[in-house]
Amino acid sequence: MNYKNVVKEIVSAVGGKENISQATHCVTRLRLTLKEDTYDLAKLENIDGAKGVFYNKGQLQIVFGTGVVERVYEAFITEIEIDNNQIYEDLNKEMTWKDKLTEFFKAFSDIFVALIPAIVGCAMLLGLRSLFITTGLFGLEGSLADNYKWAADTASFLNIIATGLNFLPVFVAYSATKRFGGNPVFGIILGLILVHPDLGNRFEYMQGTIQDAQYWSLFGLSIPQVAFQGGIFPAILTSFFMAKFEKFVTKYTPKMLTFIVVPAVTILVSALSLFLVFGPLGDLVASGIGTIADFLYVKAGVFGAGIFAALLQPLVITGTHHMIGSIEAQLLAQTGFNYIQPLWAVSIIAQGGAAMGMFFLAKKGSKRREISFSSFIPTLVGVSEPAIFAVNLKDSLIPFITGVLGAGIGGAYMKIFDVKALGFGLTGIPGITIVNPPVVIHYIFGCLLSFLLPIVFLFVYNKVKGVAGAEIQTSDSIKEVKAS
């Protein structure tokens, strides 16, 4: 693929580089903010490598897929001279409440996308460790670690080198501070404060089980000397404040004193805001979101888990799914398990199933068939956008809805068999490495179920009413499926 030519075609299709005010990317999509919402959709859809194009919340988004989008973006900022470190907000544009809400959700994406490689690496190591410490595996009484010293030592070593998940607030504070335009080194300091070993355990304090809790007396207030282990929301909220406060202090500090005054005042005031305001507020936010998730998955049981799984891909379309990662991180910090990861897995692979359903309903050798299959492949590694935008929403809502239904049933299956993960950030085939070992088989069966159901639903619907975009008869498709 010639990335320079791709960029030239994109620029031409959106009315020239003077119509582009901003360019960013996520895991799969090139995101362009246009000054005028005018673009040639047909031309964009025919660009080499493009798997789908849609306009959402003020952004033109072109789906290229993982691995490709990064190279397109690099060529893009080089060709049209967009600063890679530009501030995301257009400061000259008055933002409506919708713009601010969009920016709020986008912030979560920017914060966590940068952390995913580290999170995934640590989660896979913990998944490997679980093979050594899980009772009953390999036909043993107890675990491998209970029976063999080498296994116990290996498990201990893996636990140490996967320590990144224990210090996740440090990474979140670093990434969030950088995202909001502050000095990321100050973010690291804030993160270390969040998990300082001399402070008490936050979970024990919240549950009232901490012994002899110590308090600071500051400004007439009694402040508990407890850390914020797993404090994802306190980290994000305080980082936002710190980034803005740093700019404020810098603006009103004489230049000759900036080097001394700005760091000290920024860290001091931000730390006070953490313990006095944003820490408790973050706990409240986490508690509220946790209550909703707990209601859907625990209180509402199988039905709630199915609804949860069914809603995940509609959230992907709106861009509001990025907040789920913070909930998963909170679950891991509090319980050591993540029940949302299997729900993500079935929701993604179900869209892959819908794409394959459209593959079987397309003519042999057609471009639609080629796009359907190539869009299905990324769902095996946890990427659903190509399947959604290039296939399942291309001509009608039906394929997407069959994927949502398949996800809901798969989510219910995962709940019935209590499938949980030891990390987050991995789904599909790679997700097997972070699933709790005793229930891996149910993770596989749940994903297979969610993959097959949309295909069946599409065949049935196509026979009864016909699916827009289907180009051959259902009977022919069924013969082909059997043959394959």
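Just so it is clear, the model here is predicted, and its values are computed rather than measured.

Conventions used here
Residues numbered from 1 in each chain as written. Predicted model: local features only at pLDDT ≥ 70, side-chain atom pairs only at ≥ 80, totals over all residues. Heavy atoms only, no water. Helix = DSSP H or I, 4+ residues; strand = E, 2+ residues; numbered from the N terminus. Buried < 20%, exposed > 50% of the residue type's maximum accessible area, 1.4 Å probe, protein only. Contact = heavy atoms within 4.5 Å. Areas by Shrake-Rupley, 256 points an atom, 1.4 Å probe, with all protein chains shown as cover. Phe/Tyr/Trp six-rings, centres within 6.5 Å; stacked < 30°, edge-to-face > 60°. Lys NZ or Arg CZ within 6 Å of the ring centre and 35° of its normal. Arc of directions from axis to C-beta. Axes fitted to C-alpha atoms, helices over the stretch in contact; angles between N-to-C directions. Parallel < 35°, antiparallel > 145°, perpendicular 65-115°, else oblique. Left-handed = near helix turned anticlockwise from the far one by under 90°. Nonpolar A, V, L, I, M, F, W, Y, C, P; charged D, E, K, R; others polar. pLDDT = per-residue confidence, 0-100. Salt bridge = Lys/Arg side-chain N within 4 Å of Asp/Glu carboxyl O. UniProt positions renumbered as here; feature names shortened; annotations may be inferred. Expected span 1.5 Å × (residues − 1). Patch = residues over 30% accessible without salt bridge, like charges linked within 9 Å, V, L, I, M, F, W, Y side chains within 5 Å.

(A) Quick peek at the overall build of the chain. Helix and strand content of the chain: 20 helices and 6 strands. Taken across its 484 residues, the chain has 50% of its residues classed as buried. In the chain, once contacts between residues fewer than 6 apart in sequence are set aside, the share between residues at least 24 apart is 70%. Working note: accessible area of the chain is about 23,100 Å², and carbon and sulfur atoms make up 64% of it.

(B) The environment of Val316, seen in detail. Checked against the element boundaries, Val316 lands in helix α13 (residues 301-318). The exposure class assigned to Val316 is buried, which follows from its relative accessible area of 3%. When the C-alpha positions of Val316 and Glu385 are compared, they lie 7.9 Å apart, and in sequence the two are 69 residues distant.

(C) Broad picture of the packing of aromatic side chains. For the structure on display, the rule yields 14 aromatic pairs. Between Phe241 and Phe245, the aromatic rings sit 5.6 Å apart at their centres with planes inclined by 15°, giving stacked as the arrangement. Taken together, the residues Phe241 and Phe245, both in helix α11 (residues 232-252) and 4 residues apart, mark about one turn of the helix. Plain terms: the ring middles of Phe359 and Phe360 are 5.3 Å apart, the flat faces sit at 75° to each other, and that makes the pair edge-to-face. For the pair shown, Phe359 and Phe360 are each scored as buried. The rings of Phe241, Phe245, Phe248, Tyr252 and Phe278 are connected pair by pair, giving a single aromatic cluster. Directly above the ring of Phe359 sits Arg369, whose terminal nitrogen or CZ lies 4.2 Å from the centroid. Over the face of the ring belonging to Phe337 we find Lys420, whose NZ or CZ atom lies 5.7 Å from the ring centre.

(D) Inspection of helix α16 (residues 367-376) at higher detail. Along α16, the residues that are buried comprise Arg369, Ser372, Ser375 and Phe376. Within α16, the buried residues cover an arc of 135° as seen down the axis, which keeps them to one side. For α16, exposure combined with an orientation more than 90 degrees from the buried face picks out Lys367 and Glu370.

(E) Inspection of the packing of helix α1 (residues 3-13) against helix α3 (residues 68-79) at higher detail. Contact pair α1 / α3: the axes reach a minimum separation of 9 Å and the direction vectors enclose 70°. Here α1 is positioned roughly perpendicular relative to α3, judged by the angle of their axes. As for how α1 packs across α3, the hand of that crossing is right-handed. For the pair α1 and α3, the contacting residues are Tyr3, Lys4, Val6, Val7, Lys8, Ile10 and Val11 in the first and Val68, Arg71, Val72, Ala75, Phe76 and Glu79 in the second. For the contact of α1 with α3, the class distribution of residues is 9 nonpolar, no polar and 4 charged.

(F) Looking closely at the confidence of the model for the chain. Within the chain, residue pLDDT values average 82, and 86% of them lie at 70 or more. Throughout residues 84-92 the model reports pLDDT below 50, and contacts reaching past four residues in sequence, or to other chains, amount to 15 contacts. Overall, residues 473-484 carries pLDDT values under 50, and its contacts beyond four positions in sequence, including any with other chains, amount to 15 contacts.

(G) Local environment of the pattern of salt bridges. Counted according to the given criterion, the structure contains 2 salt bridges. In this structure, Asp418 and Lys420 form a salt bridge, with 3.7 Å as the shortest nitrogen-oxygen distance. The class of Asp418 is partly exposed, set by a relative accessible area of 39%.

(H) Representation of the UniProt feature "active site" (unreviewed entry) in the chain. The sites that carry the UniProt feature "active site" (unreviewed entry) are, in the present numbering, Cys26. The buried category is assigned to Cys26, whose relative accessible area is 6%.

(I) Structural context of helix α19 (residues 440-464). The terminal C-alpha atoms of α19, which comprises 25 residues, lie 37 Å apart, in line with the 36 Å expected from a rise of 1.5 Å per residue. Looking at the residues trailing α19, positive phi occurs at Gly466, about 95°.

(J) Structural detail: a nonpolar patch on the surface. Taken together, the side chains of Trp216, Leu218, Phe219, Leu221, Leu276 and Val277 define a hydrophobic patch exposed on the protein surface, amounting to about 540 Å² of accessible area. Within the residue set of the nonpolar patch, elements represented by two or more residues are β5 (215-218) and α12 (258-299). As for its placement among the helices and strands, Leu221 is situated in strand β6 (residues 221-224).

(K) Representation of the packing of helix α15 (residues 340-360) against α19 in the model. α19 packs onto α15 with a crossing angle of 35° between their chain directions and a minimal axis gap of 7 Å. At the point where α15 passes α19, the crossing takes the right-handed sense. Residues that form the contact of α15 with α19 fall into these classes: 16 nonpolar, 6 polar and no charged.

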